[in-house]
Amino acid sequence: MKEMPYAMTIGGKRVFTDASDAAINPATEKPICNFPLATRAHLDEAVEAARVAFPQWRDRPLAERQALVTRLGDLVEENKEAFIRLLITEQGKGRAGAEWEIGGSIYWLREVAKQSLPAEVVVDKGDEQIVTRHTPIGVVAGITPWNFPLLLAVWKIAPALVAGNTMVLKPSPFTPLCTLWFGELAQSVLPPGVLNILSGGNELGQWMTEHPHIGKVAFTGSTATGRKVMASAAANLKRLTLELGGNDPAIVLPDVDPKKIAKDLFWASFSNSAQFCVACKRLYIHEDIYDAVAKELVEYAKTVKVGNGLTEGVELGPIQNRMQFEKVSNLLKDCKDRGQRFLLGGDIADAPGYFIPVSLVDNPPEDSRVVVEEAFGPVLPLLKFKDIDDVVKRANNTPYGLAASVWSKDVQKAEAIASRLETGTVWINQVHVFSPDIAFGGHKQSGVGIENSLHGLAEYCNTQTLMRKPLAA
Ligand code: NAD
């Protein structure tokens, strides 16, 4: 058996498999180590372990569940540096990005652990009472992508466990290591079976969505896969939270200072090498300042260091995996084939690692692939606009509806535009503000349901109405 330092966790036990696959470092294309590939039998075992653990976990006082979830945050903090390095190695991101993700995972575990959903007393006439309360669903499945592997797992694990559910979670086969390790560490805190982590290919995700004893699926990934999840969850009417893709517009009004805003617009678009569901993916700039903003963006982009995230000073890493690298390369080729002009980038160097340079495309047609598709890589179309009604229409002209941003000195004007955008989040003069207390979710085909906040916590619960009155004398 190849070296497999990280095990799956089933019923509190470390589990290895005969079959395994290699996790690849995207900055070098070299294998890091192998990880287990779960079979259907492993999934059945994990779901059974979660089912057995459920009644006791549900019946534990909320304060005890909250304390244990807080402890999970402590465990990540005690191993913070090792998590940061492992995340950089398996995901490819730069050090600052990895610190943000691991720091965020700690923070989310601790903050979500403070949340609870109060019962709503609808009628209170002494002995006669009607109360609507929140009860856990049972066994919840979590399925996560490769761009923020640990943070997006924590966004599911923390509320699921606080609400009283038990869980089976599967990381992306491209980034399984941090999540597997977190699962192993968690066993020193949680009762066996409360949190089970399985690694495997896409088929494991599908088996989870079909499993008759899983009551809910919390999924983050592409819209295409989200549709499949929804279809197969229909078999036993699973509850669903789907956080899916986006094609987020940013609208830049003519009153901004191009030099001052370039840095913010750059990071709005290229954080995590643009492998960010809420990255700005269409940058609409008013024609009066288009050239000036474009010039400042190019200047700023040239100062950003791209490379292996473990190298000091590197801010942007490679694309996370070969499949995505090929997709983004193909998009660049499409731009070239159509004769679109690059203000920066466009050419991929023949060197190890899945590196794609920051590429800015100069005002391509609105119906071109680079505008219509979610690139999920560092290729950004800069688009000119003149008229507000026109830009709002173009911004909304997409099946996606995840997030958007508007940039202006005139906050009221920006807000009037923001209110016309069909997205789950709209930022004004900022982006990527998230919190355990802020609801996050997509409109249209960017998702179903909410993560974070009490709205997110409620998605891990059934609603139960309890009506009581004394027996008639
Ligand atoms: P993906 O859909 O390919 O995979 C996501 C997860 O689903 C992986 O764990 C994968 O193994 C699993 N999976 C694959 N096929 C499945 C199936 N048939 N049934 C069940 N599970 C299956 O997505 P990805 O490429 O890992 O991630 C990139 C996508 O995720 C982008 O579209 C991005 O916008 C989106 N994303 C959305 C958010 C958000 O919060 N809205 C956050 C991050 C990423």
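Residues numbered from 1 in each chain as written. Predicted model: local features only at pLDDT ≥ 70, side-chain atom pairs only at ≥ 80, totals over all residues. Heavy atoms only, no water.

- For the protein, an unreviewed UniProt entry supplies the name Acyl-CoA reductase-like NAD-dependent aldehyde dehydrogenase and the organism Panacagrimonas perspica.
- According to the UniProt record, the Sequence similarities (unreviewed entry) comment for the protein reads "Belongs to the aldehyde dehydrogenase family." (UniProt positions renumbered as here; feature names shortened; annotations may be inferred.)

### Examining the site of the ligand
Link 1 in the chain: Taken together, 29 residues sit near the ligand, with Thr144, Lys170, Asn202, Leu244 and Glu374 positioned nearest.
Link 2 in the chain: Side-chain polar atom of Asn202 to an oxygen atom of the ligand: 2.7 Å apart, as the coordinates give it.
Link 3 in the chain: Thr225 places a side-chain nitrogen or oxygen 2.7 Å from an oxygen atom of the ligand.
Link 4 in the chain: Protein burial of the ligand: of its 850 Å² of free accessible surface, 93% is covered by the chains.
Link 5 in the chain: At the level of elements, helix H7 (202-210), strand E10 (216-220) and helix H8 (223-233) are the ones that each hand at least two residues to the shell around the ligand.
Link 6 in the chain: Counting residues per element, the shell around the ligand draws most heavily on H7, which supplies 4 residues.
Link 7 in the chain: Here the shell around the ligand is composed, by residue class, of 13 nonpolar, 12 polar and 4 charged.
Link 8 in the chain: Each of two domains, domain 1 (8-244 + 442-466) and domain 2 (248-428), supplies a minimum of three residues to the shell around the ligand. (Near = heavy atom within 4 Å. Polar contact = N/O pair within 3.5 Å; in protein donor to acceptor, adjacent residues only side chain to side chain. Areas by Shrake-Rupley, 256 points an atom, 1.4 Å probe, with all protein chains shown as cover. Helix = DSSP H or I, 4+ residues; strand = E, 2+ residues; numbered from the N terminus. Nonpolar A, V, L, I, M, F, W, Y, C, P; charged D, E, K, R; others polar. Domains from an automatic or database assignment.)

### What about the sheet that holds strand E12 (residues 248-252)?
Link 1 in the chain: With respect to topology, 7 strands assemble into an open sheet ordered E14-E15-E16-E13-E12-E17-E18, the strand pairing being mixed. Two strands bound the open sheet, and with one partner strand each, they are strand E14 (342-344) and strand E18 (425-428). For this sheet the average axis-to-axis angle between neighbouring strands, irrespective of direction, equals 25°.
Link 2 in the chain: Examined bridge by bridge, E12 and strand E17 (residues 403-407) share 3 bridges and lie parallel to one another. Bridge pairing in E17 links Ile251 to Val406. (Pairing = 2+ DSSP bridges. Axes fitted to C-alpha atoms, helices over the stretch in contact; angles between N-to-C directions.)

### Section: the UniProt feature "active site" (unreviewed entry) in the protein
Link 1 in the chain: Under the UniProt annotation, "active site" (unreviewed entry) lies at Glu243.
Link 2 in the chain: Within the secondary structure, Glu243 is located in strand E11 (residues 239-243).

### Comments concerning the UniProt feature "domain: Aldehyde dehydrogenase" (unreviewed entry) in the protein
Link 1 in the chain: Under the present numbering, the feature "domain: Aldehyde dehydrogenase" (unreviewed entry) in UniProt falls on residues 22-465.
Link 2 in the chain: Spanning residues 22-465, this segment combines 40% helix with 20% strand, and its end C-alpha atoms are found 49 Å apart.

### Side note on helix H10 (residues 290-301)
Working note: α-helix, 3.6 residues per turn, so residues spaced by three or four point in the same direction.
Link 1 in the chain: For H10, built from 12 residues, the straight-helix expectation of 16 Å at 1.5 Å per residue is met to within 8% by its first-to-last C-alpha distance of 16 Å.
Link 2 in the chain: Inspection of H10 places Tyr290, Val293, Ala294, Glu296, Leu297, Val298, Tyr300 and Ala301 among the buried residues, and these make up the whole buried set.
Link 3 in the chain: Where the residues of H10 are buried, they touch helix H9 (258-270), strand E13 (280-286), E14, strand E15 (359-362) and strand E16 (379-385). (Expected span 1.5 Å × (residues − 1). Buried < 20%, exposed > 50% of the residue type's maximum accessible area, 1.4 Å probe, protein only. Contact = heavy atoms within 4.5 Å.)

### Some points on the packing of helix H4 (residues 95-112) against helix H5 (residues 149-162)
Link 1 in the chain: Two elements in contact, H4 and H5, have axes whose closest approach is 9 Å; the angle formed by their N-to-C orientations is 5°. Looking at the two axes, H4 sits roughly parallel to H5. Across the interface between the two elements, Trp100, Glu101, Ile102, Gly104, Ser105, Trp108, Leu109 and Val112 of H4 pack against Pro149, Leu150, Leu151, Val154, Trp155, Ala158, Pro159 and Val162 of H5.
Link 2 in the chain: Of the residues belonging to the contact of H4 with H5, the class tally is 13 nonpolar, 2 polar and 1 charged. (Parallel < 35°, antiparallel > 145°, perpendicular 65-115°, else oblique.)

### Observations concerning H4
Link 1 in the chain: In this model, H4 (18 residues) spans 25 Å end to end at C-alpha, consistent with the 26 Å of a helix rising 1.5 Å per residue.
Link 2 in the chain: Listing the buried residues of H4 in full gives Ala98, Glu101, Ile102, Gly104, Ser105, Ile106, Trp108, Leu109, Glu111 and Val112.
Link 3 in the chain: Where H4 is buried, its residues contact helix H2 (62-78), helix H3 (80-91), H5 and helix H6 (177-186).

### A closer look at the pattern of salt bridges
Link 1 in the chain: Taken as a whole and judged by the stated rule, the model has 28 salt bridges.
Link 2 in the chain: Salt-bridge contacts for Arg322 lead to Glu326; the nearest nitrogen and oxygen are separated by 2.7 Å. Taken as a pair, Arg322 and Glu326 lie in helix H11 (residues 322-337) at a separation of 4 residues, close to a single helical turn.
Link 3 in the chain: A residue is classified by how much of its surface remains accessible, and Arg322, at 38% relative accessible area, is partly exposed.
Link 4 in the chain: Of the charged contacts, one joins Arg341 and Asp362 as a salt bridge, the two residues approaching to 3.0 Å between their closest N and O atoms. A residue pair is termed long-range when its members are at least 10 positions apart, and Arg341 in the loop between H11 and E14 and Asp362 in strand E15 qualify at 21 residues.
Link 5 in the chain: Where salt bridges share partners, they join Arg71, Asp74, Glu77, Glu78 and Arg110 into one cluster. (Salt bridge = Lys/Arg side-chain N within 4 Å of Asp/Glu carboxyl O.)

### Some words on the sheet that holds strand E6 (residues 128-136)
Link 1 in the chain: Taken in spatial order, the 3 strands of this open sheet run E5-E6-E20, and their pairing is antiparallel. Each edge of the sheet is formed by a strand with only one pairing partner; in this case those strands are strand E5 (120-125) and strand E20 (461-468). Going from strand to strand, the sheet's axes swing by 20° on average, the running direction of each strand aside.

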